[in-house]
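# Observations on the three-dimensional arrangement
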Amino acid sequence: MEDIAARIVKKALHLGCQDAVADLVENRSYQIRFAQNEPVISNRWRETYASVFLVHDKRVVATDVKDLSDADAAVERLVKIAKASQRNPEHVGIARGPFKYARVRPDPKVLALEDGRTFVEAAIGGALEMGAKECAGSFWRYEDEHSLVTSSGVEGHDHRASLYLSIRAMTSLESSGHGIACATRMSQFEPEKAGRKAGRIAALAKDPKPGKAGKYTIVFDPLIFGSLTDNAVGRLSAYAVLAGLSPYGKKIGKRVASEAVTIVDDGSGDSISRKRFDSEGVPTRRNVVIQKGILKTYLHNTSTAKRFKTRTTGNAGLIAPEPHAVFVKPGDWKKDEIFSEVKDGLWLTNTWYTRYQSYVNGNLSTIPRDGIFHIRKGEVMEAWKDVRLTDNLIRLLRNVVALSDTTEQMMWWGEVSIPNHVPYALIKDVGITRSAE
Amino acid sequence: MEAEQDLVDFAVDYARQRGATYAEARFERQEQENFILKNGVLDALYVGQDRGLGVKVLAGGSLGFAATNTLTKPGVREIVDDAVHLAKASRRKTPIAFAQEEAITTNWSVPEGKKLADVPVEEKIAEIREVDKQLMALGLKVPARYFQLADNRIIKYFGNSEGSRIRSYSPRLRIYYYLTVVREGDSEQTHRDYGWSGGWEGVRAWDLTNRVLEEARSMDKSLREGKKSPEGKMDLVVGPQVSGIAAHESCGHPTEADRVLGREASQAGKSFISPDGLGMKVGSELVNVCDDPTIEHAIAYYLTDDEGVRARRRYLYKEGRVNEFLQNRETAAYFRTRSNGAARAVNYNVEAIVRMANTFVEPKDQSLEELLEGVKFGVYMKSFMEWNIDDKRYNAKYAGREAYLVENGQLKHPVRNTVIELTTPTFWSAVDAVGKDFEFEAGFCGKSDPGQALDASLGGPSMRLRNVYLR
């Protein structure tokens, strides 16, 4: 199968392309979705396709070839369309290989896993034990294999596999908690722990009272802090900056977060999206994007790097640079110390539906869900409901007061779109609003 | 296509042989062309030729689904084996059942004036370049301009073990754009999204250039003349874009039966409407909200859903009360009713679940001028930018993009960042007049895991709300 990627590149060059990238992808993922404490459907995928990127006389085209028996004809069609397209003067080529890649292999136990029911049962069991009545979520065994060939001397192979479980536990419609388990090795996978966390929050969130608007000091659980860091790093793609879809334009070297905040994007680190190379074949690496609150770099592919007079950060996607996995440097606070620091504030455990009034200034709102707690002197006073976090992305990160000394890997349904390794965070002066009567 | 139809038939028959009590197979081919024109530069042209087959089975009271793009008998046999094995291994305590539906054999297609496949890519690019050129000719400062034009030609062949065989063709066209207008260090952003089921004539129907220019001018006017929006209780007139998003978010989503039953609880969430909530009062008697897949040229047009059930109009809220849930065959069985044809999937490789199609507030008889005439002091919010709603679909926020102060029925200066933050019943109960104007916009509706961002239309007339809190 690997030969197909080489054949596509060869064909493209034969037809006059200057740059060609073919990534042959084999997706063998498996999933169980569950709700009301039972599986609702199990899914399996057997898909093999080639993601192709071609440049013909500065005309950039891309496709996914699903019919691999027809790959030559697909490339011919694509080149024909490229010729009718228009030049992109901002494309300056792709990374020149060959490269050496880190030796990483997936856990054979993860690859051999055929049945995930015990993990689902462990998660649900953990939640019910803590007092939950109803659980829903997904278990995934992700597996995909990539064979990448480019016209610039790159040949790479990457077999990726990981385990993921997301569980929402409920005691009623308005009392719920969420837990996440992520692992690249079977021995590190802890679905029961995720279930117990979800169940514990759900039980604690019983009989929530309508929340009150105001400015609060807030403890962000890792899942909701991961949403903030996911938003931040997503907006650090050079593409988002150039498209006017980022509040980080012209802020390199400037303060964009408090001194407590150091954020790294690292596709080579141990996460469930670990990868050996980006879409141009550049080895993934550790990129410090925010260091002690100062913005150090955007995320680049070869073309955007040239535009910003720097080097690629190894974050190429098929078209635009994108983050791989976020690692927030832990702080030196114990989790309990963070809670104790709050005299009168909130503890938020999850959020969803983050939307911006303007990407340029970063004004946003997002809706906390699952456990929302009013805390005094570190103790939970009561559960709240029906509030909205209304603030600004940069201001939120500038107001980070403390981070806990350990991190957890979070990823969840769009809101935390890639793995974010995040601690508990304490943020001051956070705006909270609620629906008017 | 004949070979693919044979594979669908084979998948269904083989699944029954393997012990499935019900089986369905769906072949899809999606031919896509889309490009981004960013700040006048054609970033990249994406040309997709996607196709594959998915099979869903009911075995032992549980569901299994598997998909492949290896369109051979061995390839299909493998996924049928997967789906049956997965279903049987699930061992649910409460068996899943499907509501009874008639078997359908049909072949439908969306009329396509000028075929999308016949329009050269250079013509498509030139169309959007011209819009960008006219925009720049306004002489405004528009430092970030992002246009994405996408067309998709979707061919499906569906078969199930009850004898349904359905072939369909849906050409779709969509433009999404983002603009940032700047003046004296201040900025306004907008995004708009228009869709069309049909051929290239949709571009003319959009009247895109005029709409984009009008939008940019209004943004500049907001920057030049905009003042702080008044805060407090007052009357509000909303435009079709705001009616549409409210219809989608606080009527369409909470009436999705799978959400009501908790199947989406971990992702898209649940609903403030309980399973026995039909008849519950949520708005004034003027409020009728429909979802209708059969509206010609609306981007989510279809005549049969992805479970082979005929599509029809659904009155979700009628005279201010919850009237009907959106159902697929699985949820309909739970509610002891019939599916109303709401099962949709974004592609062959995911299961069809309960989805909205074209959701809208039903128009009535008042002109915009008549709606405004009744306002002594308030705000006309023509369009919005930021929005969100909680996962039980009860607390929504819409932040104004283009909005004006209204005094004694007259539009005054623009007001900026007007915020509506209300519960679903508060919003819909405040409606005291509904306009006769009507517009649809397109949206991507997100749901399920893996996520399915699906074409949807959101629309309605202008509406007047009395005495609501704005800030």
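Whatever comes next refers back to the structure up there.
Residues numbered from 1 in each chain as written. Chains lettered and ligands numbered in written order. Predicted model: local features only at pLDDT ≥ 70, side-chain atom pairs only at ≥ 80, totals over all residues.

This brings us to the overall build of chain B. Counting its secondary structure elements, chain B contains 10 helices and 25 strands. The C-alpha radius of gyration of chain B comes to 23 Å, within 12% of the 23 Å expected for a compact globule of 471 residues. Judged by the C-alpha coordinates and their principal axes, chain B covers about 70 × 55 × 35 Å. Burial analysis of chain B (471 residues in total) assigns 59% to the buried set. In chain B, the proportion of contacts linking residues at least 24 apart, taken out of those at least 6 apart, comes to 75%. (Helix = DSSP H or I, 4+ residues; strand = E, 2+ residues; numbered from the N terminus. Rg over C-alpha atoms; globule rule 2.2 N^0.38 Å. Buried ≥ 20, exposed ≤ 12 C-beta atoms within 10 Å, placed from the backbone. Contact = placed C-beta atoms within 7 Å.)

To continue, consider the sheet that holds strand 15 (residues 358-361) of chain B. Each strand in a sheet pairs with another by means of backbone hydrogen bonds, the pair being arranged parallel or else antiparallel. Residue and element names in this part refer to chain B. Strand order in the open sheet made by the 6 strands is 12-11-10-15-24-23, with mixed pairing throughout. Only two strands of the sheet have a single partner each, and these edge strands are strand 12 (321-322) and strand 23 (439-447). When strand 23 meets strand 24 (residues 452-460), the two strands line up antiparallel, connected through 9 bridges. Bridge pairing links glutamate 441 to leucine 458 in strand 24. (Pairing = 2+ DSSP bridges.)

Here we take up the packing of helix 4 (residues 117-129) of chain A against helix 5 (residues 191-204) of chain A. Residue and element names in this part refer to chain A. Running from N to C, helix 4 and helix 5 point in directions that differ by 30 degrees, and their axes come no closer than 7 Å. In terms of axis orientation, helix 4 runs roughly parallel to helix 5. For the crossing formed where helix 4 meets helix 5, the hand is right-handed. On helix 5, the residues touching Phe119, Ala122, Ala123, Ile124, Gly125, Gly126, Ala127, Leu128 and Glu129 of helix 4 are Pro191, Glu192, Lys193, Ala194, Gly195, Arg196, Ala198 and Gly199. A per-class count over the contact of helix 4 with helix 5 returns 9 nonpolar, 4 polar and 4 charged. (Axes fitted to C-alpha atoms, helices over the stretch in contact; angles between N-to-C directions. Parallel < 35°, antiparallel > 145°, perpendicular 65-115°, else oblique. Left-handed = near helix turned anticlockwise from the far one by under 90°. Nonpolar A, V, L, I, M, F, W, Y, C, P; charged D, E, K, R; others polar.)

With that settled, consider the packing of helix 3 (residues 121-137) of chain B against helix 5 (residues 208-225) of chain B. Residues and elements named next belong to chain B. For the pair helix 3 and helix 5, interaxial distance at closest approach is 9 Å and the crossing angle is 30 degrees. Helix 5 is crossed by helix 3, and the crossing has right-handed handedness. Judged by residue contacts, Glu130, Val131, Gln134 and Leu135 of helix 3 engage Leu208, Thr209, Val212, Leu213 and Ala216 from helix 5. Partitioned by chemical class, the residues of the contact of helix 3 with helix 5 number 6 nonpolar, 2 polar and 1 charged.

Before going further, it helps to examine helix 6 (residues 222-234) of chain A. Residues and elements named next belong to chain A. For helix 6, with 13 residues, the first-to-last C-alpha span of 17 Å sits near the 18 Å given by 1.5 Å per residue. Most of helix 6 sits out of view: 12 of its 13 residues are buried. Among the residues of helix 6, those classed as buried are Pro222, Leu223, Ile224, Phe225, Gly226, Ser227, Leu228, Thr229, Asp230, Asn231, Ala232 and Val233. (Expected span 1.5 Å × (residues − 1).)

With that settled, consider helix 3 of chain B. All names here are of chain B. Here helix 3 contains 17 residues, and its C-alpha end-to-end distance of 24 Å stays within 8% of the 24 Å for a straight helix at 1.5 Å per residue. For helix 3, the complete set of buried residues consists of Lys124, Ile128, Val131, Asp132 and Leu135. For helix 3, the angular spread of buried residues about the axis comes to 95 degrees, placing them on one side. Exposed residues lying more than 90 degrees from the buried face of helix 3 are Glu123, Ala126, Glu130, Lys133 and Ala137. Looking at the buried positions of helix 3, the neighbouring elements they touch are strand 1 (22-38), strand 5 (144-160) and helix 5. Two residues or fewer after helix 3 comes glycine 139, characterised by a positive phi angle close to 80 degrees. (Arc of directions from axis to C-beta.)

Bringing the interface of chain A and chain B into the picture now. With 67 residues of chain A at the contact, the number on the chain B side is 70 residues. Every element with two or more residues in the side of chain A that touches chain B is listed here: strand 2 (30-35), strand 3 (38-56), strand 4 (59-65), helix 2 (71-84), strand 5 (134-150), strand 6 (155-172), strand 14 (344-358) and strand 15 (363-376) of chain A. Looking at the side of chain A that touches chain B, the element that brings in the most residues is strand 3 of chain A, giving 12 residues.

None of this, on its own, says anything about what the molecule does.
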